[in-house]
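What follows is each chain in one-letter form.
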Amino acid sequence: MRGVSGPASVADGDSLSVSGIRVRLFGIDAPELAQNCYDGETVVACGEMAKAQLQAMIGSSQVSCSGKSTDSFGRMVAVCRIGNLDLGLAMVEAGWATAYRNYSDVYVPAETRARALRTGLWQWTFQPPEDFRSAQETREAPSSANRVPHQRQAGPVRRWERDAQCLIKGNRNRKGEWIYHLPGMPYYDATRAEEYFCTEADARAAGYRRAIVR
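Residues numbered from 1 in each chain as written. Predicted model: local features only at pLDDT ≥ 70, side-chain atom pairs only at ≥ 80, totals over all residues. Heavy atoms only, no water.

**Student:** Report on the overall build of the protein, specifying residues and quantitative values.
**Tutor:** The number of helices and strands found in the protein is five helices and 17 strands. The 214 residues of the protein split such that 47% are buried. Carbon and sulfur atoms make up 49% of the accessible area of the protein, which amounts to about 11900 Å² in all. (Helix = DSSP H or I, 4+ residues; strand = E, 2+ residues; numbered from the N terminus. Buried < 20%, exposed > 50% of the residue type's maximum accessible area, 1.4 Å probe, protein only. Areas by Shrake-Rupley, 256 points an atom, 1.4 Å probe, with all protein chains shown as cover.)

And the structure:
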């Protein structure tokens, strides 16, 4: 995969343009530009603040990026550095981005340290950026043939989450079926998720049914 280097302009806390090439920082997920965090009842513009943090790190320095892949928006997914400073690592260590576990665990130790110190985002309450994006998307309603009626569960509801990230995978297969997979199910690791849920009730309410395990 090619790389790029040169002056950079920042779009948000995990994406930038380097010499005119759009780049998404590998392995991290920062709040979206329009995303807010919450300090009790106080709204904090943490998406804007994450962008400002990345911009401050870069300043007028030259950025060098080593490409790993291309995302669905046509951006280069890359590890970017200023000298020996890994910008992705620096953002996670400062608490202004989370480790993007769907793609890599390399920055998880840095996130753990930031959470323990309550730096950056971790001093407030916030929605994982991936969940925020999903909530903003206009969901296509499932057809009546595939819609699964919501069933009320008795007793405590089990939540499937780790490190504030929902783990139930919702997938729409080639037959048009809306199916969700729980961690530990046979095809969970191989399943590409269109949406993530924390409870089975949430998945069913969105129109998915539980995968059949044989």
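**Student:** Run through the state of the cysteines, naming residues and quoting values.
**Tutor:** Summed over all chains, the structure comprises three disulfides. Listing the disulfide partners of the protein by sequence rank of the bonded cysteines yields 1-2, 3-4, 5-6. (Disulfide = S-S within 2.5 Å.)

**Student:** If you had to explain the packing of aromatic side chains to someone new, which residues and values would you point to?
**Tutor:** Within the structure shown, the criterion is met by five aromatic pairs. Each ring, one from Trp178 and one from Tyr208, has its centre 4.9 Å from the other, and the planes form 55°; the classification is tilted. Separated by 30 residues along the polypeptide, Trp178 in strand 15 (residues 178-181) and Tyr208 in the loop between helix 5 (200-205) and strand 17 (209-210) bring together distant segments of the chain. Its relative accessible area of 9% is what places Trp178 among the buried residues. Here a set of aromatic residues connected by ring pairs shows up, and it is made of Trp178, Phe197 and Tyr208. (Phe/Tyr/Trp six-rings, centres within 6.5 Å; stacked < 30°, edge-to-face > 60°.)

**Student:** Residue-level account of helix 3 (residues 108-117), with values.
**Tutor:** The set of residues buried in helix 3 consists of Val108, Ala110, Glu111 and Ala114. One side of helix 3 carries all its buried residues, which in axial view fall inside an arc of 155°. Summarising the geometry of helix 3, the exposed residues directed more than 90 degrees from the buried face are Ala116 and Leu117. Contact partners of the buried residues in helix 3: helix 2 (87-93) and strand 11 (98-99). (Arc of directions from axis to C-beta. Contact = heavy atoms within 4.5 Å.)

**Student:** Outline the sheet that holds strand 16 (residues 195-197), supporting the account with residue identities and numerical values.
**Tutor:** The strands making up a sheet associate through backbone hydrogen bonding, with each pair oriented either parallel or antiparallel. Strand order across the open sheet formed by four strands is 16-14-15-17, with mixed pairing between neighbours. Two strands close off the open sheet at either side, each with one partner strand: strand 16 and strand 17. Inspection of the sheet shows strand 15 paired to strand 17 by two bridges, in the parallel sense. Counted as the bridge partner of Tyr180 is Arg210 from strand 17. (Pairing = 2+ DSSP bridges.)

**Student:** I'd like to hear about unusual backbone geometry, residue by residue, with values.
**Tutor:** Positioned with a positive phi, Ser19 is a non-glycine residue whose angle comes to about 50°. With respect to the element layout, Ser19 can be found in the loop between strand 3 (15-18) and strand 4 (21-25). Judged by its relative accessible area of 42%, Ser19 is partly exposed. In the Ramachandran plot, Arg118 falls in the positive-phi region, its phi being about 55° despite a non-glycine side chain. Checked against the element boundaries, Arg118 lands in the loop between helix 3 and helix 4 (129-136). Accessibility expressed as a relative area gives 52% for Arg118, which makes it exposed.

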